[in-house]
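Coordinate inspection notes
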Amino acid sequence: MRQAALNEAFSGFDAVARIWRRRGVFAIVAGAVLALAVAALVLLPVRYLATASVIIAEQEPGANTSAAWAQKIGDPADMESQLLVIRSPRLLRQIMSAPGVVDAVVGECERGRLLGSVEACQRLKTDVSAFIDHVDGRFSVASAGRSRVINISYQSSSPEVAQTLANALTQTFLEDQRTEGANSREVASSWLWQELKQLDQQLREADDKIQKFRRTKGLMRGANAPISSERLTSIGQQLSQAEAARAEAAARLQEIKSEQERGPTDAPSVLQSRTIADLKQQLTTVSAQLASAAGVLGPKHPSILALTREQATIQQRLVEEMQTIAASAQKTFDANNALVNSLKKQMDTAKAEAGSASLDEASIESMVRDTEIKRQQYAELYKKASELETERRVLRGSTRLVSLAELPSKPFFPKKLPFLAAGVTLAMIFGVGAALLADQFGARRIRQPVPDVDSAPSPQVAAPEADAARAIVPETPAIATASPDVEAPPLAPERKSHLPSVADVSILACLPRLKSLRQMSALGAILQGHQPLAIPHVLRLASEDNEFQHTLHDLLHELGIEQPGRPLRLVVTSPDAGDGKTTTACALAEHLAAAGRRVLLVECDIAHACFAEIMALPRSAGWLGALEHGTPLREAVLRTEHPCLDVLPAGAIHGPVGDILDAVGLDHLLGGLDGYDAVIVDTPLPSRRDDFLAGTDWVIVCVRSDRSLIEPAVATVNKSRALGAVDVGIVVTMTDAEPRSGSVVEAPAYAEVG
């Protein structure tokens, strides 16, 4: 009854199957579109594009970069202005005068006119407006990215015409820029030369007046200044030196005289004399000898008397030598004093002459200053005039040619590879759309009744279920479906005959996405829809969701849980994590326990063991600890709050997951656990044990509805069969089922767990 959501659950790989069923429609539509693309590629006229490039706002050679020019470089407004100038009718009118342009445009017009007369083409030679209208739409002028380069292009059916027109507009634009710049420079240069001529005449007259005045006043100039000023400077320097020498001589003389009054002198000025130094040395020697002899001989001894006389003689000579030095110092002081007095007189005379000359120079200072200003102005104007004249002669304009247009060898439109790629893409799009539409309308017309043997005990529920299944079967992927002629499998063939299948495996149920029952705002519902929920919360929502419980009831009906005999062993697995394996196993166990069936829930996903947390059970060694210590597995079974539901947790792991699963078979593991109506095992699939799933009644492969690829599900199904499974079915989880009539719209809470 709830199989109506199956189309949405397998929307990813279902579309591939639907296209394959309508491959004839797909081939016809795709082939027609591709044929139209090829025909358009052949019939459309070929267009060639020739492109020339120029660079804008480049500084002129030899010109100084001003602030205005620096601001102009790279200005988007300036670039846009240049683009408008190039596309202006004035330049398009000027290219008519270029050689060969009009004839090329007329020839292009005549070749492109399939119907009608060629009079309109001939009118292009004389009608300027018609010529501009014809070429304006074929020109393309645009800047190259963020650079200052402008590309000038022309499209034509003839490569020669495209090259000619592109180069003609480029050369016309460059010449227009060059002419405009040259005219402005010529006007400025003429004005500057006129100003220079007037300044030259004024400078000549001012120089004549200044020279005539200086000759009259006798104002001669030296190397750096007037002669009177230079002479005054020289006398001042000599006077300073003479006063320094006089001061030095006076100090020396004063020092010598003060030492003479105290007796033997040790003044530095006296000791500088070599004679004084020798006499003092002799006096020291004689004094030492006299002191030595006085200790042995008496005062009247001839040796003592001789040494005393010699000492007195040396002292007399010292006094005389000091007087000589003092006289020499006195003469030096007198000479320097006389020189200072003479230089002071010369200084006074020079000051008087310099003062008179300064008055005369001051009288013409303003004239000299004006002359110097005019001379500087003349030099600057002459330099600027020369630069402008040079620029005018070598001017190429602020626009530079990057490259002229080359003769195009490849068509610009249509290009084969992009055109064919677009055609193939459109063919695929239209083919897929046509196939899906054909399959959709065809499916609506298929309404064949299918008998349901197992639905006899509950006809009120089975009738809507069969109708939903019959409506879905044509729209679901069926890679390998059983035909009515082929012998059905031995286990419950009637129960699976009406179900859609994938890879020869029945799709047993489609579990809806759970809904959060609490009220919340629109923003809260959006945020809640992108947050995964914990498994205990999901199970609580599942127990309160009628749609989910009805789907579980239908799933258990398909599994044949009502058949008597030994306990039904169900194995729940999935291709990837997050497909709802653990949630589905727990929900099935709780649903059976609520119906009064004795259920054992076994945890074999030891890499993600979580049953103890989900069921709020105490920590235990689990069946891993029981196998390790050799205790019976019955002792590892834990009771839950529900009297009909027991759990066998995995326990703590002490080794690699793959080794444990490869070493244990489910038939051996569950051998001693009796007294249950159903045993549900949550497990991944090992890699090497061939009989791991031997003895199981059903293997349920959980697949999320939003998975876009079917290959993981098919691989899991094949692996389950290789590990000993006989009956394998697929359960699609987290589907967006259509709301029932009269149901309350609630905020969705996605349970992307387990």
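Above this text sits the structure in question.
Residues numbered from 1 in each chain as written. Predicted model: local features only at pLDDT ≥ 70, side-chain atom pairs only at ≥ 80, totals over all residues. Heavy atoms only, no water.

1. Points about the overall build of the chain
A tally of helices and strands in the chain yields 27 helices and 13 strands. Looking at the chain as a whole, 40% of its 754 residues are labelled buried. Taken as a whole, the chain presents about 41,200 Å² of accessible surface, with 56% of it coming from carbon and sulfur. (Helix = DSSP H or I, 4+ residues; strand = E, 2+ residues; numbered from the N terminus. Buried < 20%, exposed > 50% of the residue type's maximum accessible area, 1.4 Å probe, protein only. Areas by Shrake-Rupley, 256 points an atom, 1.4 Å probe, with all protein chains shown as cover.)

2. Observations concerning the nonpolar core
By size, the foremost hydrophobic cluster in this structure holds 42 residues, and its most contacted members are Leu 559, Leu 601, Ile 614, Met 615 and Ile 680. Among the elements that line this core, the one with the most residues is helix H22 (residues 581–594), at seven residues. Filtering out sequence-adjacent residues up to four positions away, Leu 601 remains in contact with Ala 585, Cys 586, Ala 589, Phe 611, Met 615, Leu 645, Asp 646, Val 647, Leu 648 and Ile 680. Within the second largest apolar cluster, 38 residues are counted, among which are Leu 624, Ala 626, Ala 636 and Ile 660. (Core = buried A, V, L, I, M, F, W, Y, C linked by side-chain atoms within 4.5 Å. Contact = heavy atoms within 4.5 Å.)

3. Brief notes about the packing of aromatic side chains
Per the counting criterion, the structure on display carries four aromatic pairs. Relative to Tyr 382, the ring of Trp 193 has its centre 5.5 Å away and its plane inclined at 85°; by these criteria the two rings are edge-to-face. Residue Trp 193 is located in helix H10 (residues 159–217), and its partner Tyr 382 is located in helix H15 (residues 365–394); the two are separated by 189 residues in the primary sequence. For Trp 193, a relative accessible area of 33% gives the class partly exposed. (Phe/Tyr/Trp six-rings, centres within 6.5 Å; stacked < 30°, edge-to-face > 60°.)

4. So, the state of the cysteines
The full count for this structure, using the stated rule, is one disulfide. There is a disulfide in this structure between Cys 109 and Cys 121, and the S-S distance comes to 2.1 Å. Classification of the bridge connecting Cys 109 and Cys 121 rests on its S-S torsion, roughly -70°, and on that basis the disulfide is left-handed. Of the two residues, Cys 109 is situated in helix H7 (residues 101–112) and Cys 121 in helix H8 (residues 119–122); the sequence distance between them amounts to twelve residues. Cys 121 shares its class with Cys 109; the two are buried. Cys 610 takes part in no disulfide bond, and the closest cysteine sulfur to it belongs to Cys 586, at a distance of 6.8 Å. (Disulfide = S-S within 2.5 Å.)

5. Looking at helix H13 (residues 274–294)
The α-helix winds at 3.6 residues per turn, so residues separated by three or four positions along the chain end up facing the same way. The terminal C-alpha atoms of H13, which comprises 21 residues, lie 30 Å apart, in line with the 30 Å expected from a rise of 1.5 Å per residue. Along H13, the residues classified as buried are Ile 276, Leu 279, Leu 283, Val 286, Leu 290 and Ala 293. Viewed end-on, H13 has its buried residues packed into an arc of 115°, placing them on one side of the element. Exposed residues pointing more than 90 degrees away from the buried face of H13 are listed as Arg 274, Gln 281, Thr 284, Ala 291 and Ser 292. (Expected span 1.5 Å × (residues − 1). Arc of directions from axis to C-beta.)

6. A word on the environment of Lys 581
In this structure, Lys 581 sits in helix H22. Note on Lys 581: relative accessible area 6%, which makes it buried. Distance in space between the C-alpha atoms of Lys 581 and Val 571 is 9.9 Å, their sequence separation being ten residues.

7. Some details on the sheet that holds strand E2 (residues 139–143)
One open sheet accounts for four strands, arranged E2-E3-E1-E4; its pairing is antiparallel. The two strands at the open ends of the sheet, each matched to only one other strand, are E2 and strand E4 (400–403). Within this sheet the neighbouring strands show an average axis-to-axis angle of 25°, counted without direction. Sheet topology note: the strand E1 (residues 48–55)/strand E3 (residues 149–156) ladder contains eight bridges and is antiparallel. Among the inter-strand pairings, Val 54 is bridged to a residue of E3, identified as Ile 150. (Pairing = 2+ DSSP bridges. Axes fitted to C-alpha atoms, helices over the stretch in contact; angles between N-to-C directions.)

8. Quick look at unusual backbone geometry
The omega torsion across Phe 413 and Pro 414 is -5°, close enough to zero to call that bond cis. Structurally, Pro 414 can be placed in the loop between E4 and helix H16 (416–445). With phi around 55°, Met 734 is a residue other than glycine that occupies positive phi space. The class of Met 734 is buried, set by a relative accessible area of 6%.

9. Some remarks on the pattern of salt bridges
In total, this model carries twelve salt bridges according to the counting rule given. A salt bridge links Arg 87 to Asp 136, with the shortest nitrogen-to-oxygen separation between them at 3.2 Å. Taken together, the residues Arg 87 in the loop between helix H5 (76–86) and helix H6 (89–94) and Asp 136 in helix H9 (residues 128–136) connect sequence positions 49 residues apart. Residue classification places Arg 87 among the partly exposed residues on the basis of a relative accessible area of 30%. Assessed through its relative accessible area of 26%, Asp 136 is described here as partly exposed. For the salt bridge of Arg 178 with Glu 175, the shortest nitrogen-to-oxygen distance reads 2.4 Å. Highlighted residues: Arg 178 and Glu 175, both in helix H10, separated by three residues, approximately one helical turn. Among the residues examined, Glu 175 registers a relative accessible area of 41% and is labelled partly exposed. Salt bridges sharing common partners tie together Asp 207, Glu 372 and Arg 375. (Salt bridge = Lys/Arg side-chain N within 4 Å of Asp/Glu carboxyl O.)

10. Some thoughts on the packing of helix H21 (residues 546–559) against H22
Their axes nearest at 10 Å, the elements H21 and H22 cross at an angle of 85°. As summarised for this structure, H21 and H22 are arranged roughly perpendicular, according to the angle between their axes. Between H21, through Phe 548, Gln 549, Leu 552, His 553, Leu 555 and Leu 556, and H22, the contact on the second element is made entirely by Ala 587, Leu 588, His 591 and Leu 592. Class assignment of the residues belonging to the contact of H21 with H22 gives a composition of seven nonpolar, three polar and no charged. (Parallel < 35°, antiparallel > 145°, perpendicular 65-115°, else oblique. Nonpolar A, V, L, I, M, F, W, Y, C, P; charged D, E, K, R; others polar.)

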